[in-house]
Amino acid sequence: MIKNYLRSAWRNIARHKFISFINIFGLTVGLTCCLLIITYIINELSYDKFNVNADRTYRVTRIFYSRNGEENLHLSAVAPPFGPLLKNAFPDIEKVTRILPNGTTIFKYKDKLFNEKNGAFADENFFDVFSVNVTQGDKKTALNDPYSVMLTDEIAKKYFGNEDPINKTIILDNIKHEFKVTGVFEPLPSNSHMHPNILMSFNTLKDTAIYGEKQLETNFGNNSFYTYLLMPKGYNMQVISGQLNAFLDKYVHLPGMPPNVKTHQATKLTIQKLTDIHLQSHLDDEMEPNGNTKRVYIFSIIAAFILLIACINYMNLSTARSALRAKEIGVRKVIGAQRKEIIRQFLGESVLVTWVALVFAVGLTWMLLPYINGISHLNLQ
């Protein structure tokens, strides 16, 4: 019986080609728009979730207040001493990792100069916190020694071609010092809030020619260090958040601050979930431009509205077409067809048309995604 319904549905589609084309075309366009928007929404909601420890990784941010108590600056990076101090003050923290973006960095290999925009200093805990696939070298030790560097596959090929990059040296041009390549890693996915393609050992910063070990331990003014905490599973972050004011009063003493003013009245630390950064964080110094939760809601409403219009359009055309089939329905009733059988037949036709439109929509979405990615500079899949 089902086969008979489908055969009858297909014959009706073939018999009324123009009306069937309008029905299928309208649904296909509506579903394609809806699928493209849903692809974008899923991509936005997936940021940083590729990390195995995403649900227990947090970023430390810093707020500054004016003298009248109003917030005048909220930074996503903090001063370098905060990482080790937090680890010592709160033993529940499993790992702390610090990242210092280096802006445009000039490297030299042989007689060639390379301008790299995504170079950063990262400490040895980077790979314990973030899920990065290291294809060459040991990720546990690759960033331990000063003046060691790790490259993405693309950067390694750009510098060394098909040669093995391990133990080769490149020169950081601004200090004229050699860095030894100790590893190669795959680039972070597009749905990451940061995309460094060169990782230099954080211990290099201890050299006074670059930053200095004392500066790393005592300088609370340079808020350029992105600091991340890895916590135990199911840990209640309110335990730490509630003690941050006392932590600041104990460890941080800002120069020029009146003795009757406590440190937490001038500056505060906050804890931010890793998976909240892309959509909910719009601070003053984000590594990369972030998305927006409101935009996701707006696009969701647009997708639902487009789908609703496509459905209403389909129902209107089907209703208008039903008048042409009154004779067919009458004949079927005369030969003994029951009401539920006729309903099943019409539903079968609707389902068939919908599935045909959906197949076309999926194919069209797949074809359009490269063009959408080219226009939007995204990597929707």
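Presented here is an overview of the structure given in this document. (Residues numbered from 1 in each chain as written. Predicted model: local features only at pLDDT ≥ 70, side-chain atom pairs only at ≥ 80, totals over all residues. Heavy atoms only, no water.)

### Digging into the pairing of strand β6 (residues 119–122)
Of the two faces of β6, the one carrying Gly-119 and Phe-121 and the one carrying Ala-120 and Ala-122 are both buried. Inspection of the sheet shows strand β3 (residues 95–101) paired to β6 by three bridges, in the antiparallel sense. Looking at β6, one finds that Ile-99 is bridged to Ala-122. (Buried < 20%, exposed > 50% of the residue type's maximum accessible area, 1.4 Å probe, protein only. Helix = DSSP H or I, 4+ residues; strand = E, 2+ residues; numbered from the N terminus. Pairing = 2+ DSSP bridges.)

### Focus on the pattern of salt bridges
On inspection of all chains with the given rule, the structure shows five salt bridges. Residue Arg-56 is joined to Glu-94 by a salt bridge in which the shortest nitrogen-to-oxygen separation is 3.0 Å. One end of the pair, Arg-56, is in the loop between α2 (17–45) and β1 (57–65); the other, Glu-94, is in the loop between α3 (82–89) and β3, and 38 residues separate them in sequence. According to the relative accessible area criterion, Glu-94 is partly exposed, its value standing at 38%. One salt bridge in this structure joins Arg-59 and Glu-286, with 3.2 Å as the shortest N-O distance. Placement of the pair is Arg-59 in strand β1 and Glu-286 in the loop between α10 (277–280) and α11 (293–322), with a sequence separation of 227 residues. The exposure class of Arg-59 is buried, given its relative accessible area of 0%. With relative accessibility at 17%, the residue Glu-286 sits in the buried group. (Salt bridge = Lys/Arg side-chain N within 4 Å of Asp/Glu carboxyl O.)

### Let's talk about the nonpolar core
Judged by nonpolar contacts, the single largest core of 24 residues is most densely connected at Val-149, Leu-151, Tyr-159, Ile-170, Ile-198, Met-200 and Leu-205. For Leu-151, the residues in contact, after removing those within four places along its chain, are Ala-156, Phe-160, Ile-170, Val-181, Gly-183, Val-184, Phe-185, Asn-197 and Ile-198. Among the nonpolar cores identified, the runner-up in size contains 23 residues, and Ala-120, Phe-126, Met-150 and Phe-185 belong to it. (Core = buried A, V, L, I, M, F, W, Y, C linked by side-chain atoms within 4.5 Å. Contact = heavy atoms within 4.5 Å.)

### Here we look at the environment of Tyr-235
Inspection of the secondary structure assignment puts Tyr-235 in the loop between β12 (226–230) and α7 (238–241). Taking C-alpha positions, Tyr-235 is 8.8 Å from Asp-92, a pair spaced 143 residues apart along the chain. The contact partners of Tyr-235, leaving out residues within four places of it in the chain, are Asp-92 and Ile-240. Engagement of the side chain of Tyr-235 in a polar contact is seen with the side chain of Asp-92, the distance being 2.9 Å. (Polar contact = N/O pair within 3.5 Å; in protein donor to acceptor, adjacent residues only side chain to side chain.)

### A few points about the side chain of Asn-290
Counting through the fold element by element, Asn-290 comes out in the loop between α10 and α11. Taking relative accessible area as the criterion, Asn-290 reaches 17% and is therefore assigned buried. At 2.8 Å, the side chain of Asn-290 and the backbone oxygen of Ser-281 are in polar contact. Once you skip the residues sitting within four places of it in the chain, Asn-290 turns out to touch Ile-277, His-278 and Ser-281.

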